[in-house]
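Overview (structure and organization)
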Amino acid sequence: MKNYLVINVLGEDRPGLLLDLSRIILDCGCSIQDSYITVFGLECVAMLLVHGNWNTLAKLETQLKRAEEEHGLTITIKRTGPRKISQDALPYSVEVIALEAPGIVNHLAAFFASRSINIEELSTRSYSAPHTGSPMYSVNMAIGIPASLHVALLREEFLDYCDELNLDAVMEPVKG
């Protein structure tokens, strides 16, 4: 039976950090199922979903505590279960681009939460617009729309909402 562990790692970015983490996981007899790793400022941030049997995860928890001290990392771990996939949720992607301004993520989260739509993934990025250098902001989301909602009406409401906030947006079904 598979058991699951969520691991969050924060540490100064350096070559070999992922090698060190993946080696510990492999040596403990566990496997990485899902992961997201990026660099924010000078820090590397890793989020991992690891699976193994109860004993291998217990060993990994111990080894991660040791690695935290040895490598100057901040590591949080939590036991979890397999992801529950809703059979009645339609997978959609949302892309928003706008001039950078406070509150964009909050506005988007409020829109979807008020309609009981789960935001399953979210990433944002600040960048300078080509030619003008204006500060821009992009948001990419994966959402699960309950099948009970009228998707065409929801899409229209969302695009109108974004227009009011001066956000360029696209909402479309996930392909494949």
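The text that follows walks through the structure, step by step, so that each part is easy to find. None of the values given here were measured: they were computed from a predicted structure.

For helix H3 (residues 104-113), every residue scored as buried is listed here: Ile104, Leu108, Phe111 and Phe112. For H3, the buried positions fall inside an angular range of 90° around the axis, keeping them on one side. Relative to its buried face, H3 has exposed residues pointing more than 90 degrees away, namely Asn106 and Ala113. On the buried face of H3, the contacting elements are strand E5 (89-99), strand E6 (118-128), strand E7 (135-146), helix H4 (151-164) and strand E8 (168-173).

Quick look at the sheet that holds strand E3 (residues 43-52) now. Strands belonging to one sheet form pairs held by backbone hydrogen bonds; the direction of such a pair is parallel or antiparallel. On the basis of which strands lie adjacent, the open sheet formed by 4 strands has the order E2-E3-E1-E4 and antiparallel pairing. The open sheet has two edge strands, strand E2 (31-40) and strand E4 (74-80), and neither has a second partner. Strand-to-strand twist across the sheet, computed as the mean angle between neighbouring axes with direction ignored, equals 10°. The pairing of strand E1 (residues 3-12) with E4 spans 7 bridges and is antiparallel.

This part is about the pattern of salt bridges. As enumerated under the stated definition, the model contains 6 salt bridges in all. As a salt-bridge pair, Asp20 and Arg14 come within 2.6 Å of each other at their nearest N and O atoms. Here Glu172 and Lys175 are joined by a salt bridge, their closest N and O atoms 3.7 Å apart. Judged by relative accessible area, which is 66%, Lys175 ranks as exposed.

Strand order in the open sheet formed by 4 strands is E6-E7-E5-E8, and the pairing between neighbours is antiparallel. Of all strands in the sheet, those bounded by a partner on one side alone are E6 and E8. In this sheet, adjacent strand axes meet at a mean angle of 15° when their direction is disregarded. Pairing between E5 and E8: 6 bridges, direction antiparallel.

Put simply, helix H1 (residues 17-27) and helix H2 (residues 54-71) touch, their axes get as near as 9 Å, and they point 155° apart. When the axis of H1 is compared with that of H2, the two are roughly antiparallel. In this structure, H1 crosses over H2, and the sense of that crossing is right-handed. Contacts between H1 and H2 involve Asp20, Ile24, Ile25 and Asp27 from the first element and Lys59, Leu60, Gln63, Leu64, Ala67 and His71 from the second. Tallied by class, the residues present in the contact of H1 with H2 amount to 5 nonpolar, 2 polar and 3 charged.

Each value, and the rule that gives it
Residues numbered from 1 in each chain as written. Predicted model: local features only at pLDDT ≥ 70, side-chain atom pairs only at ≥ 80, totals over all residues. Heavy atoms only, no water. Buried < 20%, exposed > 50% of the residue type's maximum accessible area, 1.4 Å probe, protein only. Helix = DSSP H or I, 4+ residues; strand = E, 2+ residues; numbered from the N terminus. Arc of directions from axis to C-beta. Contact = heavy atoms within 4.5 Å. Pairing = 2+ DSSP bridges. Axes fitted to C-alpha atoms, helices over the stretch in contact; angles between N-to-C directions. Salt bridge = Lys/Arg side-chain N within 4 Å of Asp/Glu carboxyl O. Parallel < 35°, antiparallel > 145°, perpendicular 65-115°, else oblique. Left-handed = near helix turned anticlockwise from the far one by under 90°. Nonpolar A, V, L, I, M, F, W, Y, C, P; charged D, E, K, R; others polar.

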